[in-house]
Structures are given as structure tokens and as C-alpha cells.
Amino acid sequence: MAIPADIEEYVEKHIKLMISQTETYLPFIKVAFPYSNNVADGVYSLIIGSALSVFVNQYGMKMKYPTAEDFADFGKVALKYRDQVDKFFT
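This structure is a prediction, so every number in the text was calculated from the model and none was measured.

Reading the values: the criteria
- Position numbers for residues start from 1 in each chain and track the written sequence from start to end.
- In keeping with the model being predicted, local features are shown solely for residues with a pLDDT of at least 70 and side-chain atom pairs are shown and tallied solely at 80 or more, while totals for entire chains, interfaces and linings include all residues.
- Excluded from the side-chain calculation are hydrogens and water; included are all heavy atoms of the structure.
- Each helix is a run of DSSP H or I of at least 4 residues and each strand a run of E of at least 2, with the numbering of both proceeding from the N terminus.
- Exposure classes here rest on a 1.4 Å probe applied to the protein chains alone. A residue is buried below 20% of its type maximum, exposed above 50%, and partly exposed in between.
- Whether two residues are in contact is decided by their heavy atoms, any of which lying within 4.5 Å being enough.
- Areas reported here follow the Shrake-Rupley algorithm with a probe of radius 1.4 Å; residue values treat only the protein chains shown as occluding.
- His is not counted, nor are the chain ends, whereas Lys and Arg count as positive and Asp and Glu as negative.
- The atoms used to mark charge sites are NZ of Lys, CZ of Arg, CG of Asp and CD of Glu.
- The rule for a salt bridge is simple: a side-chain nitrogen of Lys or Arg has to be within 4 Å of a carboxyl oxygen of Asp or Glu.
- As used here, the term nonpolar core means buried Ala, Val, Leu, Ile, Met, Phe, Trp, Tyr and Cys residues forming a set that is joined through side-chain atoms within 4.5 Å.
- The patches described consist of residues with a relative accessible area above 30% and no salt bridge, like charges being joined within 9 Å and nonpolar side chains (Val, Leu, Ile, Met, Phe, Trp, Tyr) within 5 Å.

(A) View of the overall build of the protein chain. Secondary structure summary: the protein chain contains five helices and zero strands in total. Reading the protein chain from its N terminus to its C terminus gives the helix and strand order α-α-α-α-α. Expressed along its principal axes, the backbone C-alpha trace of the protein chain runs to roughly 40 × 20 × 20 Å. Taking all 90 residues of the protein chain together, 37% fall into the buried category. Contacts in the protein chain between residues at least 24 apart in sequence constitute 74% of all its contacts with a sequence separation of at least 6. Here the protein chain has roughly 5,800 Å² of accessible surface; of this, 60% comes from carbon and sulfur atoms. Charged side chains in the protein chain number 9 positive and 11 negative. The centres of these two groups are separated by 3 Å.

(B) Fine view of unusual backbone geometry. Positive phi is not limited to glycine here, since M63 has a value of about 60 degrees. Judged by relative accessible area, which is 73%, M63 ranks as exposed.

(C) Just the pattern of salt bridges, in detail. For the coordinates displayed, the defined rule picks out six salt bridges. We note a salt bridge from D6 to K62, for which the minimum N-O separation is 2.7 Å. Of the two residues, D6 is situated in helix α1 (residues 5-20) and K62 in the loop between α3 (39-61) and α4 (68-79); the sequence distance between them amounts to 56 residues. What makes K62 partly exposed here is its relative accessible area of 35%. Because the salt bridges share partners, they merge into one network encompassing D41, R82 and D86.

(D) Local environment of the nonpolar core. The biggest cluster of nonpolar side chains holds 22 residues, and the ones touching the most others in it are V11, I15, V43, I47, I48, F55 and F74. Contributions of two or more residues to this core are made by α1, α2 (22-32), α3 and α4. When residues of this core are assigned to their parent elements, the largest contribution, eight residues, is made by α3. Contact partners of I47, with chain neighbours within four places excluded, come to I15, M18, I19, T22, Y25 and V85.

(E) Summary view of a nonpolar patch on the surface. A cluster of nonpolar side chains, namely L52, V56 and F71, defines an oily patch on the protein surface of about 210 Å² accessible area. One can find V56 in helix α3.

Okay, here's the thing in C-alpha cells:
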């Protein structure tokens, strides 16, 4: 079973919004992860962690549970945005 289109769209909009606001929360990332050798990893983790919460909540609002396959599909959706985050740090 694939992620329902409306949930995938909602998650992608959330990820795109967070990426567009990356410069806003960079100071937080630098304070929260002072010993990080790769700030891009911290930013990506923050964005995807937030998106994962949105993903699970969207299923909950439909009174459904995501399957293992749905989580794998979420990972594929999230991976599409990794390069966009890296571009802030190159």
C-alpha cells in the first residue's frame, strides 16, 4: 500500500516550508549541536523529524496506522529533499 496522495502532499508541503525557512533556524542548530561536524545533517534531521511527526499525525487523523511499507515510502519522499538541505552548506 502506498502513502495516500493527500498525506504525501501534506508531508511534502511541510518539508518544503521547513527548507524555505532553514536560514531562520540555523542559529538554533549551531547552538543545539555545537560539536557537529556536519550542520547539514542536523538541519536535515530536524526537518525530517518534524515531517515524520506530521506524517504519523495525518494517519492518526484518519484513524489509520501507517504500515512498514508506508514508512519506507516516507523515507523515499524525505530522501528527495536531502540535496536541497546540503546546498545551504556548500
